[in-house]
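# Structural overview
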Amino acid sequence: MSMRFPLLLGIVILIAGLGLSMLLTDYHLRLLNLAVISAIAVIGLNFAFGYAGLISLGHAAFVGTGAYGVALLTTLLGWSPWLALPVAVAGTAIFAVLIGLPLLRLKGHYLALATLGLNVSFSMVAANWIELTGGTNGISRIPELQVAGHALADERSYLWFALAVLAVSAAVAGLIHASRHGRAMIAVRDDETAASMTGIDVTRVKIAAFVLSSIYAAVAGGLFACHMRFISPEDFSYAHSITYLAMLIVGGEGSIVGAILGALLLTFLPEWLRFLGSAYLAFFGVFVLAILVFLPSGLVGFRWPGSLRRDGRSKGPAMVAASKEVRP
Amino acid sequence: MLACKDLTVAYGDIVALQSVTLEVGRGETVALIGANGAGKTTLLHAISGLNPVQSGDIMFEGTSVARLASDRRVALGIAQAPEGRRIIPGLTVEENLALATVSWRRWRQPISGDLARVFDLFPRLKERRRQLGWSLSGGEQQMLAIGRALMARPRLLLLDEPSLGLAPRLAEEVYERVRQIADSGLTILVVEQNTVLALSVADRAYVLETGRIVLHGTADDLKQNTRVREAYLGR
């Protein structure tokens, strides 16, 4: 099918990101780094929630598993981050299979609640297994990533690396979406019974989507650990899971571009609105509500009013456009 | 080819099917008729694996499939066009069709031949191949549901109320295609409330009432049967 869209998407991410990296101040570069890392996690969540329709409120637990994996392997065993990253990602994937097998028997609200429970237990274990995780003090002195002898120590060079990972992640996600595996996930989301009638192994598709989402989460977690070089249980609390979900819904569920836009917006928005102080949360709530009401398919569903058809019907075509992403 | 023996299916305490015995021979078109709530769809779902079987057995080409998951049964050659069509709304017509090839398709194996066959049968689908499922009309969705079942390369095609919710002319058009599929030699088991339509394509038929088979015979015999005429044909 279409190989062009994923490639194009990757290239656009790289060019836009490189351009921004030249313009922004160090502080904003740091935010952009965090946004790019979140975007990788949210593209992952899109597999489970956007494509396969599995509501996960425990995504941060998998981000945390990846981050703690990298942190422990590098600080305790002295591994290179380059070796620790893939091992932590693989470990998270195995963890996701083990946890997914019982958990994915649940549906809807029950699955949401169970994944929330998973995230809470993850935080509990991370905060209380002090000998291993350092408890609430976290793990510090995580080594920085080195590329060809150069440490990615400053925000700008780290951003370039993170952008490359994001571009590859987004392109791979686009290819999966356009493949029969992506179709199978969407079929399971839209109608589980119909999917199993057409010969799809529903359980396997759900596990695959869940594990894919955890792999992306672990990559994001590993990048986060190497970027901050210090992690603590608070970085992976269930509140972060809800933020990831909000990013995906605001950006546009089922859309890779939406996942990236949502991650960018919800990372920068709190900084732009810092003057609101604690009123920010109230604003944020109203903002998300407004998106849900006026842009039900998220930011990617936005069309300029000029493109409204004369009879005022814009919702249909907009929805088609949003769900048509990645298709020729 | 298909044999249900003493099949009993219950939803909790409510018995929906009671020792149903039914046979479909190779190349035959068999209709299952009955009123609302008689258990027609329940029987079809038991055959395709969506309903668990309490007792009895389902044999397909000599092997028992009663305990297999539905995706395994599709792989063996039992495909279903479900009641209410159940098109995947977020996928295009072509993607809906491609979906059903998972049971036999190896990596990168082309499906254009299978697609062409379905598009020959239903030219309307070809025109709308890039449209999303939800944007199709009822008749087109029914054609897509049948086409999707055919994409699984079935040896037994299960059709659940293909005329449901269609204007009479469209229903007849759908049944014309069903006849065409039957003429090509595929074995078909069709569940239908519209007895006239069902008997027009079937070789044989079973009549289901409150979970039991009360009558069976050739379509021509049933058309003459007083009980069938009074209860289902309204004459």
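Residues numbered from 1 in each chain as written. Chains lettered and ligands numbered in written order. Predicted model: local features only at pLDDT ≥ 70, side-chain atom pairs only at ≥ 80, totals over all residues.

## Some words on the overall build of chain B
Summing up its helical and strand segments, chain B has 10 helices and 10 strands in all. With respect to the principal axes defined by its C-alpha atoms, chain B has extents near 50 × 40 × 30 Å. Looking at chain B as a whole, 47% of its 235 residues are labelled buried. When contacts within chain B are restricted to residue pairs at least 6 apart in sequence, long-range pairs at least 24 apart make up 64% of them. (Helix = DSSP H or I, 4+ residues; strand = E, 2+ residues; numbered from the N terminus. Buried ≥ 20, exposed ≤ 12 C-beta atoms within 10 Å, placed from the backbone. Contact = placed C-beta atoms within 7 Å.)

## Structural notes on the packing of helix α4 (residues 81-103) of chain A against helix α10 (residues 202-228) of chain A
All names here are of chain A. Two numbers describe how α4 lies on α10: the axes approach to 8 Å, and their chain directions differ by 145°. Crossing of α4 over α10 shows right-handed handedness. Each of P81, L85, A88, V89, T92, A93, A96, V97, G100 and L101 in α4 lies in contact with α10, whose residues at this interface are I207, F210, V211, S214, I215, A218, V219, G222 and C226. The class makeup of the residues in the contact of α4 with α10 is 15 nonpolar, four polar and no charged. (Axes fitted to C-alpha atoms, helices over the stretch in contact; angles between N-to-C directions. Left-handed = near helix turned anticlockwise from the far one by under 90°. Nonpolar A, V, L, I, M, F, W, Y, C, P; charged D, E, K, R; others polar.)

## What to know about the confidence of the model for chain B
This prediction gives chain B a mean pLDDT of 92; 100% of its residues lie at or above 70. Reported confidence for the predicted complex is 0.82 by ipTM and 0.86 by pTM. (pLDDT = per-residue confidence, 0-100.)

## Some details on the sheet that holds strand β2 (residues 14-24) of chain B
Residue and element names in this part refer to chain B. Strand order in the open sheet formed by four strands is β2-β1-β4-β5, and the pairing between neighbours is antiparallel. For this open sheet the edge positions go to β2 and β5 (63-64), each flanked by a neighbour on one side alone. Inspection of the sheet shows strand β1 (residues 2-11) paired to strand β4 (residues 55-60) by five bridges, in the antiparallel sense. Bridging from a neighbouring strand, A3 pairs with M59 of β4. (Pairing = 2+ DSSP bridges.)

## Quick notes on the sheet that holds strand β6 (residues 78-81) of chain B
All names here are of chain B. Here six strands make up an open sheet; going across it, the order is β6-β7-β8-β3-β9-β10 and the pairing mixed. Two strands close off the open sheet at either side, each with one partner strand: β6 and β10 (212-218). Along the sheet, successive strands turn relative to each other by an average axial angle of 20°, direction set aside. Direction of pairing for strand β9 (residues 204-209) relative to β10: antiparallel, over a ladder of six bridges. Bridge pairing links E209 to R212 in β10.

## Focus on the interface of chain B and chain A
On the chain A side, the residues contacting the 22 residues of chain B number 17 residues. For the side of chain B that touches chain A, the elements supplying multiple residues, two or more each, are α2 (70-76) and α3 (93-99) of chain B. At four residues, the largest contribution of residues to the side of chain B that touches chain A is made by α2(B). Split by residue class, the side of chain B that touches chain A holds 13 nonpolar, five polar and four charged.

## A few points about the pairing of β6(B)
Residue and element names in this part refer to chain B. Every second residue of β6 is oriented toward a common face, with I78 and Q80 on one face and A79 and A81 on the other, all of them buried. Across four bridges, the pairing between β6 and strand β7 (residues 156-160) is parallel. From the neighbouring strand, A79 faces β7, where its bridge partner is L157.

## Section: the packing of helix α3 (residues 59-75) of chain A against α4(A)
Residues and elements named next belong to chain A. Running from N to C, α3 and α4 cross one another at 140°; their axes reach a closest spacing of 8 Å. Relative to α4, the element α3 is oriented oblique. Crossing of α3 against α4: the hand is right-handed. Facing F62, T65, G66, G69, V70, L73 and T74 of α3, the residues of α4 in contact are P81, A84, L85, V87, A88, V89, G91, T92, F95 and A96. For the contact of α3 with α4, the residue count by class is 11 nonpolar, six polar and no charged. (Parallel < 35°, antiparallel > 145°, perpendicular 65-115°, else oblique.)

## Considerations on the nonpolar core
Within the largest apolar cluster, 173 residues are counted, with the highest numbers of intra-cluster contacts made by A:A39, A:I40 and A:A209. For this core, the element with the highest residue contribution is α10(A), accounting for 16 residues. (Core = buried A, V, L, I, M, F, W, Y, C linked by C-beta atoms within 7 Å.)

## Some details on unusual backbone geometry
Residues and elements named next belong to chain B. Non-glycine residue D6 carries a positive phi angle of around 50°. Its location among the elements puts D6 in strand β1. A count of 11 C-beta atoms within 10 Å places D6 in the exposed class. The backbone phi angle of T210 is positive, close to 35°, even though this residue is not glycine. Its place among the elements puts T210 in the loop between β9 and β10.

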